[in-house]
Amino acid sequence: MTPPVFLVDPAVLAGDRIRLDGPEGRHAVAVRRIREGETVDLSDGLGLRVRCEVAEVVGKDTLVCRVLERLAEPEPTPRITVVQALPKRDRGELAVEMMTEAGVDAVVPWAAERCVTQWKGDRGAKALAKWRASAREAAKQARRARTPEVAEPLDRKGVSALLAEADLAVVLHEEGAQRLSELPLPKDGQGEGTGAGIVLVVGPEGGISDAELTAFDEAGAVRSLLGPSVLRTSTAGVAALAVLQARTGRW
């Protein structure tokens, strides 16, 4: 079994001995019951993985770790970004959690026209913070050295601009001419965009509006069918991501 991962500030990872304290140290000692002699991975969430042996447990919230090796994990290619329409209630956090576990590189909240949920003011800031916390905790659960970016929410114009930069832009839609499992994928460095990788759009419960579809078509996106089943917006992203992970060789 791979060692548990704890996320720490990059500045803490210097030196041959690292002190893990604060919330992460408390989680390691009080929840995970990590003890002397065990192996843990410390990461900055940006690709650096520092494998350590626990040299000492101090109190109820601190580990002193001896560095065994440092591994700089390259960013996976192609980069996969999922534009996720805002689901109802806590389903957005569930979507972020599952997509993080499945290896998404970035999640972009999308305030689609037919979204029941709207992020405004303090409510929007709190919801975004919850999405980011879900990504962080899921990355640890999945033993990832890279925590996916959860970007600021975009509107139709912002999503269109993102799609225009992609090497492959896909909109999941029941009227797609090709299934995602059969859609031609760009070869490395041969996409039509600016090297932004694959951008996948997942619509809201009420569907993507005609105006949004037209804008995304004009940005160069292709409409693609995921499969015969109609999935919730909170589960469609992880299902599509699994298809792309396997097809691109990342899995």
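Look up: the structure comes first, before these words.
Residues numbered from 1 in each chain as written. Predicted model: local features only at pLDDT ≥ 70, side-chain atom pairs only at ≥ 80, totals over all residues. Heavy atoms only, no water.

Help me understand the pairing of strand S9 (residues 168-172), please; the structure alone is not making it clear to me.
The two faces of a sheet get side chains in turn, since along a regular strand they alternate between them. In terms of burial, S9 is largely enclosed, as 5 of its 5 residues are buried. Alternating residues of S9 divide into Leu168, Val170 and Leu172 and Ala169 and Val171, and every residue in both groups is buried. Where S9 lies against strand S11 (residues 198-202), 4 bridges are found, and the strand directions are parallel. Each residue of the ladder has a partner; that of Leu168, found in S11, is Ile198. Of the pairings in the sheet, the one linking S9 to strand S12 (residues 222-225) comprises 3 bridges and is parallel in character. Among the inter-strand pairings, Leu172 is bridged to a residue of S12, identified as Ser224. (Buried < 20%, exposed > 50% of the residue type's maximum accessible area, 1.4 Å probe, protein only. Helix = DSSP H or I, 4+ residues; strand = E, 2+ residues; numbered from the N terminus. Pairing = 2+ DSSP bridges.)

How should the side chain of Ser134 be read in this particular structure?
Take Ser134: it is sitting in helix H3 (residues 121-141). Once residues within four sequence positions are removed from consideration, Ser134 is found in contact with Glu93 and Val96. (Contact = heavy atoms within 4.5 Å.)

Looking at this structure, I do not really get the sheet that holds S9. What am I missing?
What holds strands together in a sheet is hydrogen bonding between their backbones, with the strands either parallel or antiparallel. Across the sheet, which stays open at both edges, the 7 strands sit in the order S8-S7-S6-S11-S9-S12-S10 with parallel pairing between neighbours. Of all strands in the sheet, those with a lone pairing partner are strand S8 (149-150) and strand S10 (178-179), marking the two edges. For strand S6 (residues 80-85) and strand S7 (residues 106-110), the ladder comprises 5 bridges, and the chain directions are parallel. From the neighbouring strand, Val82 faces S7, where its bridge partner is Val107.

Help me understand unusual backbone geometry in this model?
Among all residues except glycine, the phi angle is most often negative; among peptide bonds, the trans geometry is most common. Cis rather than trans, the peptide bond between Thr77 and Pro78 has omega equal to -5 degrees. Positive phi outside glycine occurs at Arg33, with the angle close to 60 degrees. Structurally, the position occupied by Arg33 is in the loop between helix H1 (22-31) and strand S3 (39-43). For Arg33, a relative accessible area of 53% gives the class exposed. The backbone of Arg89 shows a phi angle near 50 degrees, a positive value even though the residue is not glycine. Positionally, Arg89 belongs in the loop between S6 and helix H2 (91-101). Residue class for Arg89 comes out exposed when judged on its relative accessible area of 67%.

For this particular structure, what's the right way to read the pairing of strand S4 (residues 48-58)?
As paired elements, S3 and S4 share 5 bridges and run antiparallel to each other. Bridge pairing links Thr39 to Glu53 in S4. Adjacent in sequence and paired antiparallel, S3 and S4 are bridged by 4 residues, among which Gly45 carries a positive phi angle near 75 degrees. Note: S4 against strand S5 (residues 62-72), 10 bridges, orientation antiparallel. Counterpart to Val57 in the pairing with S5 is Leu63. Between S4 and S5, which follow one another and run antiparallel, lie 3 residues, and Gly59 among them has a positive phi close to 65 degrees.

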